[in-house]
Every structure is written in structure tokens, then in C-alpha cells.
Amino acid sequence: MNRRFHLLLAATACALAVNAQNAAAQTVAVDHARIAENALRGHIQPGYAKLTRALERLETTTQATCKQLTAAEIDVLKAAFTDAILAWGAIAHITFGPIRDSNRYERIFFWLDRKGIARRQVRRALRNTPDAYRSATTLGTRSIGVQGLSAYEQILVTGPFKPEAVDFVCAYAAAIAGNLKAIAQTVARAWADDGAFAKSWRSPSADNPVYLKPHETTFALVKAYVENLERVRDVELLRPLGFATRRRKLPGPYARSKQTMPFLAARISGLHDLILKSGVIAVAHKVAVARNDPVSKQRLDQVGFELNFLTQRAQTLAQTPDFFASEKSREAIALGFPLKAARELARAALADTLELPFGFNSADGD
Amino acid sequence: MVIDRRQLLQLGGVALAGHALTLSDRARAGTPSSAVQLFAAARKGRTGYSAAIFDQTGQDHAVVSLPARGHDVAVCQRTKQCVVFARRPGNFAVAFSVARRSAPVSFTTPPDRHFYGHGTFSSDGSLLFATENDFEAARGCIGVYDVKRGFHRVGEFPTHGIGPHDLALLPDGQTLVVANGGVETHPDIGRGRTSLNLATMEPSLVYIDTRTGDVIERHTLPASSRRLSLRHLDIGQRRTVVIGGQVKASSGRTLPLILTHRLGTDLAPVTLPNKLARSLRGYISSVAVSAAGDLAALTSSRGGAVVFVDVASGRYLGTRHVQDVSGVAPAATDGFLLTSGTGALAIHERSGPDGPVATSAWHWDNHAVRVR
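Worth saying up front: this structure is predicted, and the values here are computed from it rather than measured.

Further remarks concern the overall build of chain A. Regarding its fold elements, chain A presents 14 helices and zero strands. Along chain A, from the amino end to the carboxyl end, the secondary structure elements read α-α-α-α-α-α-α-α-α-α-α-α-α-α. With respect to the three principal axes, the spread of C-alpha positions in chain A is 105 × 55 × 35 Å. Taking all 366 residues of chain A together, 46% fall into the buried category. Of the contacts made within chain A by residues no fewer than 6 positions apart, 75% connect residues no fewer than 24 positions apart.

Structure, rendered in C-alpha cells:
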């Protein structure tokens, strides 16, 4: 009798627990428009505004400072250049939208240049001093390899130049900066409140040329986050660490100016900012709580933890000058696992909670 | 000793030879009944990757395990030999047979090449042609393998483009048509899937004489469509090639994702309704032409849709929606088998009601092919 009573009590308790869980499980409508607006106002517009300002400074600094290409002048130019690549790193993960038109992304960031095409083209330009490279407008119509931040970097690390070449080199550097500024301005205008792409972004519909359904903007953000975390880890970080397939150290982005680690830190911090400012994790968290979905909730908590760690650690490592040539470079190995975890956990939890179409084929087809 | 990825794959390939080719009772009993249609596809399960011969209900008739993700299966309709290829940038392939109980044979590309996931047999079944990446030179090539010599690689010829993907043999038995995707990749960079030449892409459709390796015709896209990577194709009636493309890194501009082509003519884009064209999200996953050769089905996993096109006129006929659909193969009834990453399989009937949708525990991969 006593045993039966206990069994009955246990069964009742189980049933009550299940009922309570079901009663508590609610559906939360995901406000994709809010996420899109948050990302636009809190991350994308400020990111491109910062990039535009940094490139404007690079242009004006180059025009004002570049006269004799003395060591002191080059130091000033390097500081402006570093600001520009950090501003680019913070927004480089927005790989959709107007940055993809007219090869704008590649005109800013032509990397990885595996065959050294751009390096050869810039070297040839410095030798032949073509007039077309003195103007931002005409430079913008030339090969992508001679237009980007890497071309500017090559000017900074090449030299010393013969006195008769300095005039061309400074004009070419200013043209690069001016052309990049114009590209950034065009992209920023398209994302501005009255810009053409911002209008598409804000109003998914059957007639929208880019986004047909509300969740597609959220999907674009999450996809950019996932793909760029993978690229940061598997390409930009593993190469200078010597963990790529070849098992030998290869240059990372902006290695010639010794800015690879600061650039990677900017990339990571930019991706973290995207997640925070868009509110995508916060919304997913609410859904997970409402659904009594402890697995997703735990994954999302872990993503937050990993991103905090990554941002702080990468910034610390970036303080070491020429990090990847230093003895401390092995410390960057510790970024590998959190980068992977921040990607995989976010992808799984966000796909589940926000019902994003990360299908086996649709997300990774061929 | 450091074992790199390629050595590891080669070791995996050797180990594969010892893997069991499992045949179901139905397959052991002999030729399947006429009601049973057989297909082949690569897939992912809870415990790993495999390729299978299966029927329209999803029942396995033969299974071979794979060391990594597979992509397409080439089937020799004469010998019933099948070869499943590694997904790029993998360098393994596994040959297995439906009709015999022989053990599967694994083979690899040379170390400086990798497969693109597609291949086709010569009309007599003696040779296998596979699209490959000569990644140090950034050029596409067709690897030629001697079937009777255990798939020994006997040569190669260029595809006259970068990133060749799907290919097919024209009914003349001599001409290969190859879709050069135009995208440069390198196995050491970003899992071998990072595009390295978006700014300079030049996709093309190339006809090659398999006897000489000579180019018969080469067709490129206009400058406005250079970001459309030509990927998959099939051949319909009157040697009409139906091609599906994938837009690489564009702001969402609608490019013509489906094209048709006949030797001696220009590439002809298929006009889709605007709303449908946008919903495909710039992505065609797979192409198949019906058994009669007059109807093409093109899947879009990103759009969750199958688009039907009249081969002769290039006219859009209709759409069916299936979540994460990708594999498509002609069915005996002149309809199509559809497979999905969700595990669903369905027969789409050309006329009359669609067959029932079967479910399975597999993530069916990119392609499905009919084993006649």
C-alpha cells in the first residue's frame, strides 16, 4: 500500500511537472524587423561611417604629410593607415549589400593574393609611374590589385624611393586613399536611412528585389557572422600560425605592415559588436526561455562567454608589436577553439530558436 | 612524421577497400521488380557519410561508407558500375557495383589535384572522366581513369577554364560538355571552398572532344553575368544542355540562373517569373532532365523549390516547393525523384498526383542519379 502510494505520488509529480512545463512553454514571435533595424542603426551605419572617416583621414593625411617620404612622414602615414585597416576590420564581415556591387569589397580588400598579382602590379606601377594612378577617379577604373589597402600598405613598406619618384608615390598613395574613401562613401550612402539598400533591408516583401521574407535579413546577419568567424579562424589566423594544411607559416592579412593581429582583433570585435547591437542573441535567448529549451539557452550563454573572451584576448595579443613574429605568437592558438565554438554554437542555437533556414544543402551546398 | 590531409585521405581510401559493401536481401535476390526504381546518392547519417543505391521509398539496396562528405555519383548504365566522388576539395572516389558483390574500390587524384565532385563514364564504360582542380596552376582539368585497371589514372586534359564542376557526355559518345564555374579555390585556403578570384571570375560552358582533348566550342557569359558560376547541367532532347548556376557574392541582383544551350548557338537564359527568380536566392543546386528528355527539373535548396522547364523551348512551366530540396533524378514514370537534406524523398509525377513523400534518417546530399 505504502509502495503503491509512493508510485502514485511520483507519477502525479511527473505529470504535474510535464503539465507545468507545457503551460510555461510559449511561442515568442521573433521581431525580425527589430533585429534588422538594430543591426542597421547600431552596427552597419556606424561601421561604414567610421570606415569613411578613417579613409577621409588617410586621404587628407597623405595629401598633407607625404612630401619627402622621410621616416617621420611614414610614421604618420602608418598611423593613419592602421586606423583605416582597423575600421575596415570592424565592418569587413558585412559581406552582403552594396559592398558586393562593382567589386567594391575586393577593391578595398584584395586578399588573399596567392599568386602575388597585386604585389607585382603595384611594383610595376611604382617603376613606371603611370599618370592614371595619380587621380582617385582614374585609379578606380584600373586593376583591383592596385586600388586597395594592400596597395597602400605596399607603398608604406617599399622604399626608400629615389627623390624623383617621391612625387608620384605620394600622388598614388593619395589616389588610393581617395578612391577607397569614395567607395566607402558610396556604400555608406546606400545603407543610409534614405539609401536604396537600406530601403530593401527595412521592407522585406514579395516585391523587394533582395529580401522577400522578414527572416531573410536576420539570416543574412547570422550567415555573415558564421562565415566570417570561420574565415577569421581557418584562413586569417591559421595561416600565420602555421596551422593551415601546409603546416608552415604563411603571411596573414596586412603582414607586411605587421598589423595582422590588430586587424584580426578588429575583425573579432566587429563580429562581437554585430551580435550585441543587432540583439539577435538576446531575442534568441528569449525564445529559448519561453520554449523551455535549456539546450539552446546554454549554447547562447556559451556564445556570449566565448565572444567576450575572444574580444578581450585578441585585443591583448594585438598590443604586442609584430605579434606573429614574436615569441608570444603561440598564444593565439588559444583563440582557435573559442572561435569555432562561437560559430558552431551560435549557428545551432540561432537556427533552432529563430527558425533560420540553415539546411544541410541550403547552408552548405556546392 | 607529419601526416597531412592528403595522406590522411589516401590512408582512409586504402582503409575503405576493406569496408563492407552491404546489400539488402532485395538486391541479393536479383533484379528488382519493375515497380522498384533505383537511385544513387551520397548522404550523411548520424554516424558518418555514405553513398547508397536506394529505391523511391528510401529503402537501401546497397551502401558504401565514405571517409568524408561525398557529392555526386556517376553511374555507368551499361555495367551498372557506380562511382561516388568526394565533395571538393576532397581527393577520394569510391567505385561500387549494384549488380555484383565485389568489394568497393577506392582511388584518389594525384596529390596536386582534387575532385570537384562530378564525373561521367565513357559510353562503353571503359573510362571515367572526372572534373578536377589543378590548384597550383589554378586551372580546371578532366582526369581520365581506366576502369578496368582499377581506376588507374591514365591522363588528363584541360577544361579551358577555372573551377570545372558538372559534366556530361553528349549522345555522340565523344563530346563532353563541361560547366566551368569560374571560381578559383585552393585546398589550403578556407577548407578549399573560399573564392579567390571573385573580381575576375569567368564562368564558361565548354565542349571538348574526348578523343583529342580539343575544344569544340567555348561559351562565356556577358560581363553583367560574370558572377554567375555555371555549376550543374544535364542533357535533354536534341542535345540541348540545361544549365543551373549559382550567383557568387552579389547584392541580390537577379541574374538568369537557368540557361539552355545547343552546339552552334549562344547561351539562352530561361526567363522565370520575377518573384520566383528572387525566391531562388541566386542558387540552383542540381539539374535533371526527364527520361523522355523533354522536361528539366532544377532544384534550389536555398529557395526550397523545384523549377520545371520545357527543354525544347526553354519555357518555364511550374514550381514545386520542398524544404532543403537538392537531389533530383529522372524517374521511370517520366517524373522525378526529389531528395532533401531533411531526409524527405518524393516522386514528382509529371501528370497526375505526386507520389507519397517518404521520410528517412539521412541528410540526402546535393545530387541524386537514376540507376536504370
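As a further point, take the packing of helix 12 (residues 280-290) of chain A against helix 14 (residues 336-354) of chain A. Residues and elements named next belong to chain A. Interhelical geometry of helix 12 versus helix 14 gives an angle of 60 degrees and a closest axis separation of 9 Å. Taken together, the axes of helix 12 and helix 14 are oblique relative to one another. As helix 12 packs across helix 14, the resulting crossing turns out to be left-handed. Listed contacts from helix 14 to Val280, Ala284, Val287 and Ala288 of helix 12 are Ala349, Leu350, Thr353 and Leu354. For the contact of helix 12 with helix 14, the per-class residue count stands at seven nonpolar, one polar and no charged.

On to the pairing of strand 7 (residues 92-97) of chain B, then. Residues and elements named next belong to chain B. Burial within strand 7 is extensive, with five of its six residues counted as buried. Bridging between strand 6 (residues 81-86) and strand 7 involves five bridges; their strand directions are antiparallel. Within strand 7, the residue paired with Gln81 across the bridge is Ser97. Counting the residues between successive antiparallel strands, the hairpin from strand 6 to strand 7 contains five residues. In terms of strand pairing, strand 7 meets strand 8 (residues 105-108) through four bridges, oriented antiparallel. Looking across to strand 8, one finds that Ala95 is bridged to Val105.

Here the focus is the interface of chain A and chain B. If you look at the interface, chain A gives 28 residues, while chain B gives 34 residues. Broken down by element, the side of chain A that touches chain B gets its largest block of residues, three residues, from helix 10 (residues 215-241) of chain A.

A word on the sheet that holds strand 20 (residues 268-269) of chain B. Residues and elements named next belong to chain B. Spatial strand order, 17-18-19-20: four strands in an open sheet with antiparallel pairing. Each of the sheet's edge strands pairs with one partner strand only, and the pair in question is strand 17 (228-235) and strand 20. Relative to strand 19 (residues 258-261), strand 18 (residues 241-247) is paired through four bridges, and the arrangement is antiparallel. Residue pairing for strand 19: Gly244 is matched across the bridge by Ile258.

A word on the environment of Val289 of chain B. Residue and element names in this part refer to chain B. Along the chain, Val289 falls in strand 21 (residues 286-289). Residues Val289 and Arg370, spaced 81 residues apart in sequence, show a C-alpha to C-alpha distance of 11 Å. Those residues in contact with Val289 that lie beyond four places of it in its chain are Asp234, Ile235, Gly236, Val242, Ala296, Val311 and Pro330.

Here we take up the nonpolar core. Generally speaking, nonpolar side chains in soluble globular proteins are found buried as a group. Membership of the largest hydrophobic core comes to 110 residues, with the highest contact counts inside it found for Ala84, Trp88, Ala173, Ile176, Trp191 and Tyr225 of chain A. Element by element, the count of residues in this core is highest for helix 8 (residues 163-191) of chain A, at 15 residues. What Ala84 of chain A contacts, discounting residues up to four positions off in sequence, is Ala54, Leu55, Leu58 and Leu149 of chain A. In this structure, Phe92, Val98, Leu295 and Val311 of chain B belong to the second largest nonpolar core, which totals 92 residues.

About the criteria used
- Residues numbered from 1 in each chain as written.
- Chains lettered and ligands numbered in written order.
- Predicted model: local features only at pLDDT ≥ 70, side-chain atom pairs only at ≥ 80, totals over all residues.
- Helix = DSSP H or I, 4+ residues; strand = E, 2+ residues; numbered from the N terminus.
- Buried ≥ 20, exposed ≤ 12 C-beta atoms within 10 Å, placed from the backbone.
- Contact = placed C-beta atoms within 7 Å.
- Axes fitted to C-alpha atoms, helices over the stretch in contact; angles between N-to-C directions.
- Parallel < 35°, antiparallel > 145°, perpendicular 65-115°, else oblique.
- Left-handed = near helix turned anticlockwise from the far one by under 90°.
- Nonpolar A, V, L, I, M, F, W, Y, C, P; charged D, E, K, R; others polar.
- Pairing = 2+ DSSP bridges.
- Core = buried A, V, L, I, M, F, W, Y, C linked by C-beta atoms within 7 Å.

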